[in-house]
Amino acid sequence: MTKRGKRIAATLAEAARAAATAEEPPRRSRRRIRFRIAAGVAIGLALIAGYWLLATTGALETVLDGAALRVWIADLGPLGPLMIIVLLVAAIVLSPIPSAPIALAAGAAYGHGWGTVYVVIGAELGALIAFGIARLVGREALRRWFGPRIDMGLLGSQTALMTIVFASRLLPFVSFDLVSYAAGLTVLKSWRFALATRSEEHTSELQSHSFISYAVFCLKKKKIYSFSYLLFFGLNI
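How each quantity is defined
- Residues numbered from 1 in each chain as written.
- Predicted model: local features only at pLDDT ≥ 70, side-chain atom pairs only at ≥ 80, totals over all residues.
- Heavy atoms only, no water.
- 1 Å grid on protein atoms, 1.4 Å probe; cavity = no way out; pocket = protein on both sides within 12 Å on 5 of 7 lines; lining within 4 Å.
- Points joined across faces, edges and corners; volume = space filled by probe spheres on them.
- Helix = DSSP H or I, 4+ residues; strand = E, 2+ residues; numbered from the N terminus.
- Buried < 20%, exposed > 50% of the residue type's maximum accessible area, 1.4 Å probe, protein only.
- Polar contact = N/O pair within 3.5 Å; in protein donor to acceptor, adjacent residues only side chain to side chain.
- Expected span 1.5 Å × (residues − 1).
- Core = buried A, V, L, I, M, F, W, Y, C linked by side-chain atoms within 4.5 Å.
- Contact = heavy atoms within 4.5 Å.
- Axes fitted to C-alpha atoms, helices over the stretch in contact; angles between N-to-C directions.
- Parallel < 35°, antiparallel > 145°, perpendicular 65-115°, else oblique.
- Left-handed = near helix turned anticlockwise from the far one by under 90°.
- Nonpolar A, V, L, I, M, F, W, Y, C, P; charged D, E, K, R; others polar.
- pLDDT = per-residue confidence, 0-100.
- Phe/Tyr/Trp six-rings, centres within 6.5 Å; stacked < 30°, edge-to-face > 60°.

Enquirer: Let's hear about the layout of surface pockets: which residues, and what values?
Expert: In this structure, the second largest pocket spans a volume of roughly 150 Å³. If you trace the second largest pocket, you find it lined by Ile33, Arg36, Ile37, Val137, Glu140, Ala141, Arg144 and Trp145. Taken together, the elements giving at least two residues each to the lining of the second largest pocket come down to α2 (24-57) and α7 (139-146). For the lining of the second largest pocket, the element with the most residues is α7, which contributes four residues.

Below, the structure is given as structure tokens:
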């Protein structure tokens, strides 16, 4: 067979393979859509059930009460740091749960050094889980609704999206939780999101050290007015 004949045969074979695989995507696509819908419903129900469990068992009230939370963590002994991480993950994935009381309790129980370490680990894990949930459930749906337009311009640039995530973490009025979910809906790669989030956490560690240390000082010295002002400021950042 001549070279031209081989090229023609290869082209015909490629076209046949393309035609054969073209019939499979609709079935695979429908299966993938059903899986994502089921996963979304399951995750939604799990989040609702988790929040309801925290509210009905009184755990949510304990989280909101800084003194009670510190006592509870201290009573857990070696499991205290693990509980700090779990609570922070829950606070980010379940957005209505505030993270400031947990961070304050971590600083009061373990000092601003180890307390910050546990807070950073919990915040990073929570952000990655929120990112993964949005990517699994919402990314494909948005692409179907808006098509390629959703990845045009800055929304299609990995560098721009990574910069936006990093910058948004430094803005006091932007929700840490919502940014994580929103990032999962974009084309941003997960390792870039993790790096941007971790870089911001490293940048804000000095702020966290000062915030937690002064909060603990106010509690020990019973400076209620100073602590109240600090807590108000912290809840708004």
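That covers the picture; the talk isn't over yet.
Enquirer: I'd like a rundown of the side chain of arginine 139, residues and numbers included.
Expert: Here arginine 139 lies in helix α7. We classify arginine 139 as buried; its relative accessible area is 10%. Among the polar contacts listed, one links the side chain of arginine 139 to the backbone oxygen of leucine 185, at a separation of 3.1 Å.

Enquirer: Before we move on, could you go through helix α8 (residues 158-169) and cite the residues and values that matter?
Expert: Between its first and last C-alpha, α8 extends 17 Å over twelve residues, near the 16 Å set by a 1.5 Å rise per residue. Burial in α8 covers these residues: Gln158, Ala160, Leu161, Met162, Val165, Ser168 and Arg169.

Enquirer: Outline the nonpolar core, supporting the account with residue identities and numerical values.
Expert: In terms of nonpolar packing, the biggest core is built from 23 residues, with Leu69, Ile84, Ile97, Ile102 and Tyr181 touching the most fellow members. Every element with two or more residues in this core is listed here: α3 (59-64), α4 (66-75), α5 (80-93) and α6 (100-137). Ranked by residue count, the leading element in this core is α6, at nine residues. Beyond its immediate chain neighbours, meaning those up to four positions away, isoleucine 84 contacts Ile73, Ile102, Ala106, Tyr110 and Tyr118.

Enquirer: Residues and numbers for the packing of α5 against α6, please.
Expert: When two helices pack together, their arrangement is given by the angle between their axes and by how far apart the axes lie. At a minimum axis distance of 7 Å, the contact between α5 and α6 shows a crossing angle of 45 degrees. Relative to α6, α5 is oriented oblique. In terms of crossing hand, the pair formed by α5 and α6 is right-handed. Here the residues of the contact of α5 with α6 sort into 21 nonpolar, three polar and no charged.

Enquirer: Talk me through the packing of α4 against α5; I want residue IDs and the actual numbers.
Expert: Where α4 contacts α5, the two axes come as close as 8 Å, and the packing angle between them is 135 degrees. Comparing their axes, α5 and α4 come out oblique. Residue-level inspection shows Leu69, Trp72 and Ile73 of α4 in contact with α5, the latter providing Gly80, Met83, Ile84 and Leu87. Residues of the contact of α4 with α5, tallied by class, amount to six nonpolar, one polar and no charged.

Enquirer: Would you mind going over the side chain of threonine 197 in detail, with residue names and values included?
Expert: Relative to the assigned elements, threonine 197 resides in helix α10 (residues 190-203). Given a relative accessible area of 0%, threonine 197 falls into the buried group. One polar contact links the side chain of threonine 197 to the main-chain carbonyl oxygen of phenylalanine 193, over a distance of 2.9 Å. Setting aside anything within four residues of it in sequence, one finds threonine 197 in contact with Glu124, Ala127, Val165, Arg169 and Phe176.

Enquirer: If you had to explain the confidence of the model for the chain to someone new, which residues and values would you point to?
Expert: Note that predicted coordinates carrying low pLDDT should not be read in detail. Overall, the predicted model of the chain reaches an average pLDDT of 75, with 71% of residues at or above 70. Within the chain, the element-level pLDDT minimum falls on helix α12 (residues 224-235), averaging 44, and the maximum on α5, averaging 91. Across residues 20-24 the pLDDT falls below 50, and counting only partners more than four positions away or on other chains, this stretch makes zero contacts in the model.

Enquirer: Lay out the packing of aromatic side chains with the relevant residues and their values.
Expert: Under the counting rule described, the total for this entry stands at three aromatic pairs. Here the aromatic rings of tyrosine 110 and tyrosine 118 are separated by 5.3 Å at their centres, their planes lie at 85 degrees, and the arrangement is edge-to-face. Under the relative-accessibility criterion, tyrosine 118 is labelled buried at 16%. Ring centres of phenylalanine 131 and phenylalanine 193 lie 4.5 Å apart, and the angle between their planes is 15 degrees; on these two criteria the pair is classed as stacked. Here phenylalanine 193 lies in helix α10 and phenylalanine 131 lies in helix α6, a separation of 62 residues in the sequence. You can call phenylalanine 131 buried: its relative accessible area is 3%.

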